[in-house]
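Here is what each chain is made of, one letter per residue.
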Amino acid sequence: MMMHLDDIIYNPLLRGILGLCLMGAIFLGAMAAVWFERKLSADIQQRYGPMRTGPHGLLQLVADAIKLFTKEDIIPKNADRLLFVSAPIILMGSVFLMLVAIPFGAIIINGETYPIAATDMDISILYIEAMSAISIIGIFMVAYSANNKYSVLGAFRNFARMIGYEVPLGICIVSVAVMAGSLNIVEIAQAQNPLWFIIMQPIGFIVFFVAIMADMGRLPFDQNESEEELIAGWITEYTGMRFGLGFFAEYIHLILGSMLIVLLFLGGWNLPAALTANTILGIILPTAFFMGKVVLVILTIIMIRWAVPRYRIDQVVDLSWKKLLPLSLLNLGWVVVLGLLGV
């Protein structure tokens, strides 16, 4: 008896293999993001170093990998060894747990959409938000275990920032879920055909974009590192691959955060039905369109990093509680009004 297409695509073994492939893809994507940011910043600031290590600076990644693998793994004398060693595992675990529910695109066959994700759950957007918050535990473990005042200061700055920005971020997610009528991120993306939520919720998009940047710890919101003030902040005492894992987790969060922006506000992989009617185009175009938008969002975030100076921590807290929180509540009220009007 022939198996139905749904039975093949949703087969647990196939989903497990897909999850491993997505893990590999996200690591390759993070490497590409590191190279891309270095090259773009070098072009902006007329720095030639990242351009000269191999063709277009590609060998710089190899040099950095060799450096991190061969550096001495130092654990401070008075550190809590168990927490110090396990903290990077928590940080990377948060990334992998988020990765489980985030679709990397979709394939469309005979008008049916199949998301490219390791799993498809009814409350995936809440799950992703919860798994993202686990990273704060890893950062606190790093700071507490290192027995370093700079690390502790960086961790407490991170607490202040994340608590302040998680609230408007969560309210914006609720607004999107109310408009889509679902907490499933796949259904939220599909609900934006043909009208993207950035058009329906422009204020919500702005608040979400700023809050997700703060959540990722990107400039101008990297007060937990702030090398001019705190050496390297929470990660000061880490060397070798432990430092590399923390550094790498930041870039993976950059990619996943950009995917969330595209999925929640920029229409995901949705294309006109005429373009995906052909089976081959339906397999290729939606994911290519989705990834193209993700790359543009990453480019925007990188350019903001090199164009905007770092805020003081008091400015960061004021921005979240005094500006973004009221705007997110205003956006939620606007969504409720649209729902009552049947829009």
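Conventions and cut-offs
- Residues numbered from 1 in each chain as written.
- Predicted model: local features only at pLDDT ≥ 70, side-chain atom pairs only at ≥ 80, totals over all residues.
- Heavy atoms only, no water.
- Helix = DSSP H or I, 4+ residues; strand = E, 2+ residues; numbered from the N terminus.
- Expected span 1.5 Å × (residues − 1).
- Bend = angle between axes of the 7 residues up to and from the residue.
- Buried < 20%, exposed > 50% of the residue type's maximum accessible area, 1.4 Å probe, protein only.
- Pairing = 2+ DSSP bridges.
- Patch = residues over 30% accessible without salt bridge, like charges linked within 9 Å, V, L, I, M, F, W, Y side chains within 5 Å.
- Areas by Shrake-Rupley, 256 points an atom, 1.4 Å probe, with all protein chains shown as cover.
- Salt bridge = Lys/Arg side-chain N within 4 Å of Asp/Glu carboxyl O.
- Axes fitted to C-alpha atoms, helices over the stretch in contact; angles between N-to-C directions.
- Parallel < 35°, antiparallel > 145°, perpendicular 65-115°, else oblique.
- Contact = heavy atoms within 4.5 Å.
- Nonpolar A, V, L, I, M, F, W, Y, C, P; charged D, E, K, R; others polar.
- Phe/Tyr/Trp six-rings, centres within 6.5 Å; stacked < 30°, edge-to-face > 60°.

**Student:** Go over helix α5 (residues 81-99), please, and point to the residues and values.
**Tutor:** Helix length check: α5 (19 residues) gives 28 Å between terminal C-alpha atoms against 27 Å at 1.5 Å per residue, within 8%. Along its length, α5 reaches its greatest deviation from straightness, about 30 degrees, at Ala87, and the proline Pro88 lies no more than four positions downstream. Among the residues of α5, those classed as buried are Phe84, Ser86, Ala87, Pro88, Leu91, Met92, Ser94, Val95, Met98 and Leu99.

**Student:** Provide a residue-level description of the pairing of strand β1 (residues 106-109), including the pertinent values.
**Tutor:** Both β1 and strand β2 (residues 112-115) contribute to a ladder of 4 bridges, which runs antiparallel. When the bridges of β2 are listed, Ala106 appears paired with Pro115. Counted along the chain from β1 to the antiparallel partner β2, the turn is 2 residues long, and its residue Asn110 has a positive phi close to 55 degrees.

**Student:** Account for a nonpolar patch on the surface, naming residues and giving values.
**Tutor:** Where nonpolar side chains cluster on the molecular surface, the patch consists of Phe140, Tyr144, Val152 and Phe156 and spans about 400 Å² of accessible area. Elements supplying a minimum of two residues to the nonpolar patch: α7 (135-146) and α8 (149-180). Within the secondary structure, Phe140 is located in helix α7. Note on Phe140: relative accessible area 36%, which makes it partly exposed.

**Student:** Go over the packing of helix α6 (residues 124-133) against α7, please, and point to the residues and values.
**Tutor:** Running from N to C, α6 and α7 cross one another at 5 degrees; their axes reach a closest spacing of 4 Å. Overall, the two elements α6 and α7 adopt an arrangement that is roughly parallel. Contacts from Met131, Ser132 and Ala133 in α6 reach Ser135, Ile136 and Ile137 in α7. Taken together, the residues of the contact of α6 with α7 break down into 4 nonpolar, 2 polar and no charged.

**Student:** Talk me through the packing of aromatic side chains; I want residue IDs and the actual numbers.
**Tutor:** As enumerated under the stated definition, the model contains 5 aromatic pairs in all. For the ring pair Phe205 and Phe209, a centre distance of 6.0 Å and an interplane angle of 40 degrees mean the geometry is tilted. Of this pair, Phe205 and Phe209 are both found in helix α11 (residues 202-216), 4 residues apart, which corresponds to roughly one turn of the helix. Exposure class is identical for Phe205 and Phe209. Each is buried. Ring centres 5.8 Å apart and planes at 70 degrees place the aromatic pair Phe205 and Phe265 in the edge-to-face group. Here Phe265 lies in helix α13 (residues 240-265) and Phe205 lies in helix α11, a separation of 60 residues in the sequence. Pair check on accessibility: Phe205 and Phe265 agree, each one buried. Within the aromatic cluster, the residues linked to one another by ring pairs are Phe205, Phe208, Phe209 and Phe265.

**Student:** Account for the side chain of Thr287, with residues named and values stated.
**Tutor:** When you line up the elements, Thr287 lands in helix α14 (residues 279-305). A relative accessible area of 18% means that Thr287 is categorised as buried. Residues in contact with Thr287, not counting those within four places in the same chain, are Phe104, Gly105, Ala106 and Ile116.

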